[in-house]
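Letter by letter, the chains look like this.
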Amino acid sequence: MIRNPIPWPNGARCAVCFSFDVDADSTIHHGFPKDADNRLHSTSLLRYDTEVGVPRIVDLLNRHKLPGTFFVPGWVIERYPAAVETILKGGHELGHHGYLHHNPVNLSAAEEEDAIGRGIEAVVKASGKRPRGYRAPSWGVSRNTIRFLIEEGFDYESSLFGDDIPYLLTYGGNRTLVEIPTAHGLDDWPHYMNWRDFDYMLPISSPQRAHEVFRSEFDAAWTHGGLWVCVWHPPVSGRLARAMAIEDLIAHMRGRGNVWFATLEEISAHVRKVIASGQWKPRIDTLPITTDRSPS
Ligand SMILES: [Zn+2]
């Protein structure tokens, strides 16, 4: 069903990346700048991220000898160094996730560029190297985001939903960004979050129901040579019952066999390798998307 399947390493049936966005309480600070300190309930939920969720998730990945990619806003990196150290000590990838988690679609070009720059600085300071990959806060990929990322020398981006397998993005020049797409069903928020402060009032799924969706996406990727990239949040999927369901999913994936577990950085490097060797020809999306209107 995938028209142009990519050859995965060692003939693997599909690629899997466990990716996490570690927003902590950045969202409450930009959502409610005047009275964030008066919203202790939300703050407690959000700080479960760095205090409980990250150590639990990293421990889980380490026990299963699985790599992970963690996208962390610069402000969170600066404020919670112990959580970042836990991620890095586990050998996992640290990716860029904005600065204070403002949605770039609501920022001016200058503000977005500033957030990207400050996020890079924070990653470099914590890890000693520039981030290779980016995930937009709140899925907010603006008209400028891809151009900024290419100019800053990023290797890949993982916020778009445009395909089942990686593809390339260009912005009118020769340089490209690897897009490693995911899907809304692989985000844990729509399954689990019910949060009045942010008007996010969906019914809460059982872990079994949420994992029915995660698992069916994996089974389809495995069958058709696709890609499975979850977008999970440690204070959401790191809760006890949900973390237990992750262990079951890992057992299911291992049971299927012939799965390539990788970081997004590794997937991006592989994409570039098979393109350079001529083994695979990617789809290329050229930006910007035209704003021309057809005559009415
Ligand atoms: Zn986020």
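So, a few notes on the structure that sits alongside this text. Quick caveat, the model's predicted, so the values are computed rather than measured.

### Thoughts on helix α5 (residues 109-127)
- For α5, built from 19 residues, the straight-helix expectation of 27 Å at 1.5 Å per residue is met to within 8% by its first-to-last C-alpha distance of 27 Å.
- Considered for burial, the residues of α5 that qualify are Glu112, Ala115, Ile116, Gly119, Ala122 and Val123. Down the axis, α5 shows its buried residues gathered within 130° of arc, on one side only.
- Tucked inside the fold, the buried residues of α5 contact α3 (74-79), β3 (93-96) and α6 (145-151).
- At the C-terminal side of α5, Gly128 shows a positive phi close to 80°.

### A closer look at the environment of Leu107
- Mapped onto the secondary structure, Leu107 falls in the loop between β3 and α5.
- When the C-alpha atoms of Leu107 and Gly117 are compared, they prove to be 14 Å apart, with 10 residues separating the residues in sequence.
- If near-sequence neighbours (up to four positions away) are discounted, Leu107 is found in contact with His102, Glu112 and Ala115.

### Considering the nonpolar core
- Grouped together as the largest cluster of nonpolar side chains are 65 residues, with contacts concentrated most on Cys14, Ala15, Cys17, Val22, Val72 and Leu177.
- Among residues more than four places away in sequence, those in contact with Leu177 are Ile146, Leu149, Ile150, Phe154, Tyr156, Glu157 and Leu169.

### Side note on the packing of helix α2 (residues 40-63) against helix α4 (residues 81-89)
- At a closest axis distance of 10 Å, the pairing of α2 and α4 adopts a crossing angle of 5°. Taken together, the axes of α2 and α4 are roughly parallel relative to one another. Contact residues: α2 offers Thr50, Val54, Pro55 and Val58, while α4 offers Ala83, Thr86 and Ile87.
- Counted by class, the contact of α2 with α4 contains 5 nonpolar, 2 polar and no charged residues.

Calculation rules
- Residues numbered from 1 in each chain as written.
- Predicted model: local features only at pLDDT ≥ 70, side-chain atom pairs only at ≥ 80, totals over all residues.
- Helix = DSSP H or I, 4+ residues; strand = E, 2+ residues; numbered from the N terminus.
- Expected span 1.5 Å × (residues − 1).
- Buried ≥ 20, exposed ≤ 12 C-beta atoms within 10 Å, placed from the backbone.
- Arc of directions from axis to C-beta.
- Contact = placed C-beta atoms within 7 Å.
- Core = buried A, V, L, I, M, F, W, Y, C linked by C-beta atoms within 7 Å.
- Axes fitted to C-alpha atoms, helices over the stretch in contact; angles between N-to-C directions.
- Parallel < 35°, antiparallel > 145°, perpendicular 65-115°, else oblique.
- Nonpolar A, V, L, I, M, F, W, Y, C, P; charged D, E, K, R; others polar.

Take it as geometry only, folks, not as evidence of what the structure does.
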